[in-house]
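Chain and residue survey
Single-letter residue listing:
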Amino acid sequence: MSKKKIKKVKHSYKNTSHQLRDKIKFYYIEKFYNKFLNKFDFQGTLDYQQINYIMRQFWSASRGTVGAFKRSVYDETRPWEQIVFAPWVIGGKFNCYDFPITLRFVNTRAVSFIPDSEFTIDEDAVIGYIQRDKKGIMATIETMIDKLVDFEMTIRTNLKAQKTPWMFGVSPENEEKMEALWDNIDSDDPKLFVSLEDLRDAKALVSGANYNIDKLEQQRQQVENEILTRLGIDNIGIMEKKEHFTVGEVDANQEQIESSSDEFLDCLKEFFDRIKNVLGYEIKVDLRNKKEDYVKDDSMEEDEDE
């Protein structure tokens, strides 16, 4: 057995747990963001940049809303530029229902066609939200994403614990005997003959960490499924097989998915209806893949009977 010296490893800042957490969180945010944007199919003359911009504003935890107004100059060759989307701030006036009456658009890129004047909502400007609570999507799911990151870090720690090697305490007198003992263990020898004295002197240290990765992964998947359900994205069967669920459980989950999808779609349609009525610009949106009616299978009927 070759002797290996234990080297001190300098911990690079790039490999700190904080940076790893940030990378894992970024991965999940992008994953859910891409899935959410892929839910919708926009029809009309909006270009891909406008669609991306609208949905980024709705996704943002700090915004969750976007405003629209009509440009004074119209170019028939570029009809999508007739309408402009931009962030907005309250102009200072509210009605008796706590809704703003006026607004000002925020010119984040210092473009010439976004004026600094005050607009009247539902007269020459329109505002829209993606949720009834007027919050962005990230504001709803960020806490659950942080929980996912906690599970990922715990799984990583558990994996590290499983990698702890066997460590034998030896002295110069019994080093060769312990080396021979390990060779026999490593070669899967079913019978080991050791003197009582050597057995008494043999000292080994192994990791006492329990293997919990399967349980942690199951819990992590449950949180991810919860996020997907809130986003209105199908998730039955991602981790566990469908036959492990009763019909009632699957139907309840499907109802929650459809309810979330309907909420987002209704908010978008109401926003675009106001744009059509106020600004005269028609935009249509629908779900990209409408979920087919759920059909019972034999395995689920058996589970329900049980």
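So, here is what we can say about the structure in this document. Keep in mind that what you see is a predicted model, and the values were worked out from it rather than measured.

How each quantity is defined
Residues numbered from 1 in each chain as written. Predicted model: local features only at pLDDT ≥ 70, side-chain atom pairs only at ≥ 80, totals over all residues. Heavy atoms only, no water. Helix = DSSP H or I, 4+ residues; strand = E, 2+ residues; numbered from the N terminus. Buried < 20%, exposed > 50% of the residue type's maximum accessible area, 1.4 Å probe, protein only. Contact = heavy atoms within 4.5 Å. Areas by Shrake-Rupley, 256 points an atom, 1.4 Å probe, with all protein chains shown as cover. Axes fitted to C-alpha atoms, helices over the stretch in contact; angles between N-to-C directions. Parallel < 35°, antiparallel > 145°, perpendicular 65-115°, else oblique. Left-handed = near helix turned anticlockwise from the far one by under 90°. Nonpolar A, V, L, I, M, F, W, Y, C, P; charged D, E, K, R; others polar. Expected span 1.5 Å × (residues − 1). Salt bridge = Lys/Arg side-chain N within 4 Å of Asp/Glu carboxyl O. Phe/Tyr/Trp six-rings, centres within 6.5 Å; stacked < 30°, edge-to-face > 60°. Lys NZ or Arg CZ within 6 Å of the ring centre and 35° of its normal.

1. Notes on the overall build of the protein
- When its secondary structure is counted, the protein shows eight helices and 10 strands.
- Burial statistics for the protein: of 306 residues in total, 33% are counted as buried.
- Contacts spanning at least 24 positions in sequence make up 67% of the contacts within the protein whose residues lie at least 6 apart.
- Of the roughly 20,300 Å² of accessible surface on the protein, a fraction of 49% belongs to carbon and sulfur atoms.

2. Some remarks on the environment of Val-66
- Inspection of the secondary structure puts Val-66 in strand 2 (residues 65-70).
- As for Val-66 and Val-89, which are separated by 23 residues in sequence, their C-alpha atoms are 9.9 Å apart.
- With residues up to four places along the chain from it excluded, the contact list for Val-66 reads Tyr-53, Ile-54, Gln-57, Phe-58, Phe-85, Ala-86, Trp-88, Val-126, Ile-127, Gly-128 and Phe-271.

3. Quick word on the packing of helix 3 (residues 137-162) against helix 6 (residues 213-230)
- Interhelical geometry of helix 3 versus helix 6 gives an angle of 165° and a closest axis separation of 10 Å. It follows from the interaxial angle that helix 3 and helix 6 lie roughly antiparallel. For the crossing formed where helix 3 meets helix 6, the hand is left-handed. Between helix 3 and helix 6, the residues in contact are Thr-140, Ile-141, Met-144, Ile-145, Lys-147, Leu-148, Phe-151, Glu-152, Thr-154, Ile-155, Asn-158 and Leu-159 and Ile-213, Leu-216, Glu-217, Gln-219, Arg-220, Val-223, Glu-224, Glu-226, Ile-227 and Arg-230, respectively.
- Broken down by class, the residue content of the contact of helix 3 with helix 6 amounts to 11 nonpolar, four polar and seven charged.

4. As for the side chain of Gln-82
- Along the chain, the position of Gln-82 falls in the loop between strand 2 and strand 3 (83-86).
- Since its relative accessible area comes to 15%, Gln-82 is described here as buried.
- Apart from the residues within four sequence positions on either side, Gln-82 is in contact with Phe-69, Lys-70, Arg-71, Tyr-74 and Tyr-281.

5. Here we look at the environment of Leu-37
- Here Leu-37 is to be found in helix 1 (residues 17-37).
- In this structure, the C-alpha to C-alpha distance between Leu-37 and Arg-288, residues 251 residues apart in sequence, is 9.8 Å.
- Excluding residues within four positions of it along the chain, Leu-37 makes contact with Asn-52 and Met-55.

6. With respect to helix 6
- Its 18 residues place the ends of helix 6 26 Å apart at the C-alpha level, agreeing with the 26 Å of an ideal helix rising 1.5 Å per residue.
- All of the buried residues along helix 6 are Ile-213, Leu-216, Arg-220, Gln-221, Val-223, Glu-224, Asn-225, Ile-227, Leu-228 and Thr-229.
- Of the residues one or two after helix 6, Gly-232 is the one with positive phi, at around 75°.

7. Concerning helix 3
- For helix 3, with 26 residues, the first-to-last C-alpha span of 37 Å sits near the 38 Å given by 1.5 Å per residue.
- Within the span of helix 3, buried status applies to Ile-137, Met-138, Ile-141, Met-144, Ile-145, Leu-148, Val-149, Phe-151, Met-153, Ile-155, Asn-158 and Ala-161.

8. Let's talk about the packing of helix 1 against helix 2 (residues 48-59)
- Their axes nearest at 11 Å, the elements helix 1 and helix 2 cross at an angle of 125°. Here helix 2 runs oblique to helix 1, going by the angle between their axes. The handedness of the crossing between helix 1 and helix 2 is right-handed. For the pair formed by helix 1 and helix 2, the contact residues are Ile-29, Phe-32, Tyr-33, Phe-36 and Leu-37 on the first element and Asn-52, Met-55, Arg-56 and Trp-59 on the second.

9. Examining the pattern of salt bridges
- On inspection of all chains with the given rule, the structure shows 11 salt bridges.
- Among the salt bridges present, the one from Glu-81 reaches Arg-71, with a minimum N-O distance of 3.5 Å. With Glu-81 in the loop between strand 2 and strand 3 and Arg-71 in the loop between strand 2 and strand 3, this pair connects stretches of sequence that are 10 residues apart.
- Judged by relative accessible area, Arg-71 falls into the partly exposed class, the value being 23%.
- The salt bridge partner of Lys-276 is Glu-282, with a shortest N-O separation of 3.7 Å.
- A relative accessible area of 43% places Lys-276 in the partly exposed class.
- Glu-282 gets classed as partly exposed once you look at its relative accessible area, which sits at 41%.
- In the salt-bridge network here, residues are joined through shared partners; they are Lys-31, Glu-217, Arg-220 and Glu-224.

10. Points about the packing of aromatic side chains
- Considering all chains together, one arrives at 13 aromatic pairs under this definition.
- For the ring pair Tyr-28 and Phe-32, a centre distance of 6.0 Å and an interplane angle of 20° mean the geometry is stacked. With Tyr-28 and Phe-32 both in helix 1, this residue pair falls four residues apart, about one helical turn. Phe-32 shares its class with Tyr-28; the two are buried.
- The ring of Phe-40 carries the charged tip of Lys-39 above its face, separated from the ring centre by 5.8 Å.
- Residue placement shows Arg-71 over the ring face of Phe-113; its charged tip is 4.4 Å from the ring centre.

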